[in-house]
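Here is what each chain is made of, one letter per residue.
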Amino acid sequence: MARSRSGTRGRRGPRKPPRRDGAFGQTAVQVVDPSMRGAVELPATITVKELAELLTVNPADVIRELIKSGIFATINQLIDRDTASLVASELGYEVAEQAAPGAAAAAGEDGVEAPQAATKESLFTEDDTADLVDRAPIVTVMGHVDHGKTSLLDAIRSTTVAAGERGGITQHIGASDVIRGDRRVVFLDTPGHEAFTAMRARGAKVTDIAVVVVAADDGVMPQTLEAIGHAKAAKVPIIIALNKIDKPDANPDRVKTELTEAGVVIEEYGGDTPLVPVSAKTRVGLDDLVDMILLVADLQELKANPKRSAIGTIVEARMDKARGPVGTVLVQTGTLNVGDIIVVGETFGRVRALEDEHGKRMKKAGPATPAVILGLSEVPEAGDILRVVADEKSARAAVEARHAELASKGGDGSGRATLEDLYRQIQAGQAKELRIVLKADVSGSLGAITHALGQLKSDEVKLNVLYEGAGEISDNDILLASASNAIVVGFNTAISDTARRAAEAEKVDVRLYDIIYQLTDDIEKALSGLLEPEQVEVIEGRAEVRKLIKVGRQVIAGSYVTDGRIVRSGSVRLWRGGKVIATDKIDSLRRFKDDVREVQTGFECGIGLVNTTDIVEGDVIECYSIQTVSRSAVA
């Protein structure tokens, strides 16, 4: 029986051999029915070409099956036995059992890419245990806005990041090292504001330990619950950092109870979640917190293989005017060296330089090491997987194969609209929509803003982000907005001089923001403006009829205003015995002999109605108006 890496797909029965057409410049091969052959013997590693010859299929068929699994390999590239076994099984061949299962080479050692969707756990499964060494824990710090998360990290790292944050809210994911004796801890700083839920979730996927910061004077808040939920979803241990314990109104016991109600039982209450009281201001408990992180890390026995080719995750990326595309990678296994050829999502390049979080140059970055990369051809997306490949040809082929795969799925996979997509949207858009071209300084912000905008929903109004990208607002952004009647929204970025002139000429509305909740508030207002206004009845006031005066055919109700006001332009209901007996409009409103526009509570007046004369003493005249009010786009 052939082995399958997926574990659930299994081996399908023999299928009709694929068409052979001599692709990749190869001559046509002789077609052999897989069912007529016995089990195929596969070596530990094999090139794509050799596998095709062994299976008597065209190399194009092998590459096609590899792409289906998310693996982009060239015709001369080595693949491991498990990957070759999966391809052979998909093509209908049976693979002989491996004599020595532990002898398979680790994927990536020869520039072979693992599937793009590989999880953190799968990164280490193919390593020889003899090459595994202890690595530093990767810690994600999460928490509610203003609970002191960034200030706590500042105190640990002895930095002053919080003082430079606009609005007091961290805007980007960052990664940094903290040294404790001969040990190292890597901190991922994810923003705490609710608008950054997507970035926070991305951070939890690459972490070993989640530190959830809770203010002792404020307790468990909505973002606290979100942070706990992300950590549990990522199946990582949680450490509660009870911050601001130096405040006079701190109430640790209340916070502990609220945590229990949220499903987090601390060790003091018989659970398995450590709680460390700390103060970012007085620096109390900081050493205890780091020691607890190292203790929890020791229990996990975190290891990695520094000898293999590097695999990592992009945690931040941006376009630097002087240095070009810049990405911050967290190496998760292997060692990344200056000069390595790398594939990152849909881009590639050669590592021209590596820098640590302080801007110092490095020659290499080992497991659990954050590093800034220079040398990519384009700005990658935050969350993209980085892998080292054998050469530039392999990298280019991998990226081209990725583009081809995405094109076959009808998009580029990044959520960005092509001009063709935009044209179809404009032609087919019957529903009302607000169209946006979104630019931000870094790709990490884009995910956060997109998530926040996704919360602004309405059945009647559609929010359509036509394009999103990192960098300053360019001429092309203005032209796209002009062609599609969209507005341009920039976050923490600038607009070029030529783009500004183009915006003025094309009358394109450009909005620049540096605080995300101001951006979402304005977008919500804009969405609300597209809704049909709502007609709302407003009760203006009530008056009790105390005397009747006949003037010709009209009956004037001498009344006393008991509530609100009576307005001459208002409509009225005439109540008698708890029932409405007539609906009418006010024809005249007088105070003594003077015509007036309104009469307030506590004053007497004469009210004449347009059509109603059947009025008796004791009736109540209720005055109301119909007002047009704007509606909110958010339910």
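Residues numbered from 1 in each chain as written. Predicted model: local features only at pLDDT ≥ 70, side-chain atom pairs only at ≥ 80, totals over all residues. Heavy atoms only, no water.

Considerations on the overall build of the chain
So, point 1. Helix and strand counts for the chain come out as 14 helices and 31 strands.
So, point 2. For the chain, the residues scored as buried account for 50% of the 635 residues in total.
So, point 3. Residue pairs at least 24 apart in sequence account for 72% of intrachain contacts in the chain once pairs closer than 6 positions are excluded.
So, point 4. As displayed, the chain has an accessible area near 29,900 Å², and 50% of this comes from carbon and sulfur atoms. (Helix = DSSP H or I, 4+ residues; strand = E, 2+ residues; numbered from the N terminus. Buried < 20%, exposed > 50% of the residue type's maximum accessible area, 1.4 Å probe, protein only. Contact = heavy atoms within 4.5 Å. Areas by Shrake-Rupley, 256 points an atom, 1.4 Å probe, with all protein chains shown as cover.)

Focus on the pairing of strand E8 (residues 238-243)
So, point 1. Of all the six residues making up E8, six are buried; the element is thus mostly covered by neighbouring parts of the structure.
So, point 2. In the sheet, strand E7 (residues 209-215) pairs with E8 via six bridges, with the strands oriented parallel. Note on E8: the bridge partner recorded for Ala215 is Asn243. (Pairing = 2+ DSSP bridges.)

Overview of the pattern of salt bridges
So, point 1. Within this structure, the stated rule accounts for 25 salt bridges.
So, point 2. Among the ionic pairs, Lys321 bridges to Glu472, the shortest N-O distance being 3.8 Å. Here the residue Lys321 occupies a position in the loop between strand E11 (311-320) and strand E12 (324-333), and Glu472 occupies one in the loop between strand E21 (461-470) and helix H12 (475-484), the gap between them amounting to 151 residues.
So, point 3. Residue classification places Lys321 among the exposed positions, given a relative accessible area of 78%.
So, point 4. If you follow the salt bridges from partner to partner, you end up with Glu537, Arg542, Asp563, Arg573 and Glu622 in one network. (Salt bridge = Lys/Arg side-chain N within 4 Å of Asp/Glu carboxyl O.)

Here's the deal with the state of the cysteines
So, point 1. Counted according to the given criterion, the structure contains zero disulfides.
So, point 2. For the unlinked cysteine Cys605, the closest cysteine sulfur is that of Cys623, found at 9.9 Å. (Disulfide = S-S within 2.5 Å.)

Observations concerning the packing of helix H4 (residues 149-157) against helix H8 (residues 286-300)
So, point 1. Running from N to C, H4 and H8 point in directions that differ by 90°, and their axes come no closer than 10 Å. Here H8 runs roughly perpendicular to H4, going by the angle between their axes. On H8, the residues touching Leu152, Ala155 and Ile156 of H4 are Leu286, Leu289 and Val290.
So, point 2. Residue classes in the contact of H4 with H8 are distributed as six nonpolar, no polar and no charged. (Axes fitted to C-alpha atoms, helices over the stretch in contact; angles between N-to-C directions. Parallel < 35°, antiparallel > 145°, perpendicular 65-115°, else oblique. Nonpolar A, V, L, I, M, F, W, Y, C, P; charged D, E, K, R; others polar.)

Considering the nonpolar core
So, point 1. Leu152, Ile156, Phe187, Val211, Ile239, Leu289 and Ile293 are the most contacted members of the largest nonpolar core, which has 26 residues in total.
So, point 2. If you list the elements that add at least two residues to this core, you get strand E4 (138-143), H4, strand E6 (183-189), E7, E8 and H8.
So, point 3. Per-element tally for this core: the top contributor is H8, with eight residues.
So, point 4. Excluding anything up to four places from it in sequence, Val211 contacts Val139, Thr140, Val141, Met142, Ile239, Ala241, Leu289 and Ile293. (Core = buried A, V, L, I, M, F, W, Y, C linked by side-chain atoms within 4.5 Å.)

Regarding the packing of aromatic side chains
So, point 1. Across all of its chains, the model carries zero aromatic pairs by this definition.
So, point 2. A cation over a ring is seen here: Arg573 above Tyr624, with NZ or CZ 4.0 Å from the ring centre. (Phe/Tyr/Trp six-rings, centres within 6.5 Å; stacked < 30°, edge-to-face > 60°. Lys NZ or Arg CZ within 6 Å of the ring centre and 35° of its normal.)

As for the pairing of strand E25 (residues 554-567)
So, point 1. The pairing of E25 with strand E30 (residues 604-609) spans five bridges and is classified as antiparallel. Note that in E30 the partner of Ser559 across the bridge is Cys605.
So, point 2. Pairing geometry for E25 and strand E29 (residues 598-600), over three bridges, is antiparallel. The residue bridging Ile566 from the neighbouring strand is Val599, located in E29.

Looking at helix H11 (residues 443-454)
So, point 1. Compared with an ideal rise of 1.5 Å per residue, which puts 12 residues at 16 Å, H11 spans 17 Å between its outermost C-alpha atoms and is within 8% of the ideal.
So, point 2. Counting buried positions along H11 yields nine of 12 residues, so the element is predominantly enclosed.
So, point 3. Residues of H11 that are buried include every one of Ser443, Gly444, Ser445, Leu446, Gly447, Ala448, Ile449, Ala452 and Leu453, and no others. (Expected span 1.5 Å × (residues − 1).)

Re the confidence of the model for the chain
So, point 1. Looking at the chain, pLDDT values average 76 and 74% of them are 70 or higher.
So, point 2. Across the chain, the secondary-structure element scoring lowest on mean pLDDT is helix H10 (residues 419-428), at 38, and the one scoring highest is strand E9 (residues 275-277), at 96.
So, point 3. Contacts from residues 168-173, a stretch scored under 50 in pLDDT, to residues over four places away or in other chains number 34 contacts. (pLDDT = per-residue confidence, 0-100.)

What about unusual backbone geometry?
So, point 1. With phi around 55°, Thr56 is a residue other than glycine that occupies positive phi space.
So, point 2. Tracing the sequence through the fold places Thr56 in the loop between helix H1 (48-55) and helix H2 (59-68).
So, point 3. Even without glycine at this site, Arg283 takes up a positive phi of about 65°.
So, point 4. As for its position among the elements, Arg283 is in the loop between E9 and H8.

A closer look at the environment of Thr313
So, point 1. Its location among the elements puts Thr313 in strand E11.
So, point 2. Considering only alpha carbons, one finds Thr313 and Leu386, 73 residues apart in sequence, at a separation of 5.8 Å.
So, point 3. What Thr313 contacts, discounting residues up to four positions off in sequence, is Val206, Thr328, Val329, Leu330, Gln332, Gly383, Asp384 and Ile385.

Topic: H4
So, point 1. Counting buried positions over the nine residues of H4 gives eight, a clear majority of the element.
So, point 2. For H4, the set of buried residues is Lys149, Thr150, Leu152, Leu153, Asp154, Ala155, Ile156 and Arg157.
So, point 3. Ser158, located one to two residues past H4, shows a positive phi value of around 55°.

A short note on the environment of Arg546
So, point 1. With respect to the element layout, Arg546 can be found in strand E24 (residues 534-551).
So, point 2. With 11 residues separating them along the chain, Arg546 and Ala557 place their C-alpha atoms 7.4 Å apart.
So, point 3. Every residue in contact with Arg546, bar those within four places of it in the chain, is listed here: Gly558, Ser559, Tyr560 and Glu617.

Remarks on the environment of Gly454
So, point 1. Structurally, Gly454 can be placed in helix H11.
So, point 2. The exposure class of Gly454 is partly exposed, given its relative accessible area of 30%.
So, point 3. Residues Gly454 and Val465 lie 11 residues apart in sequence; the distance between their C-alpha atoms is 9.9 Å.

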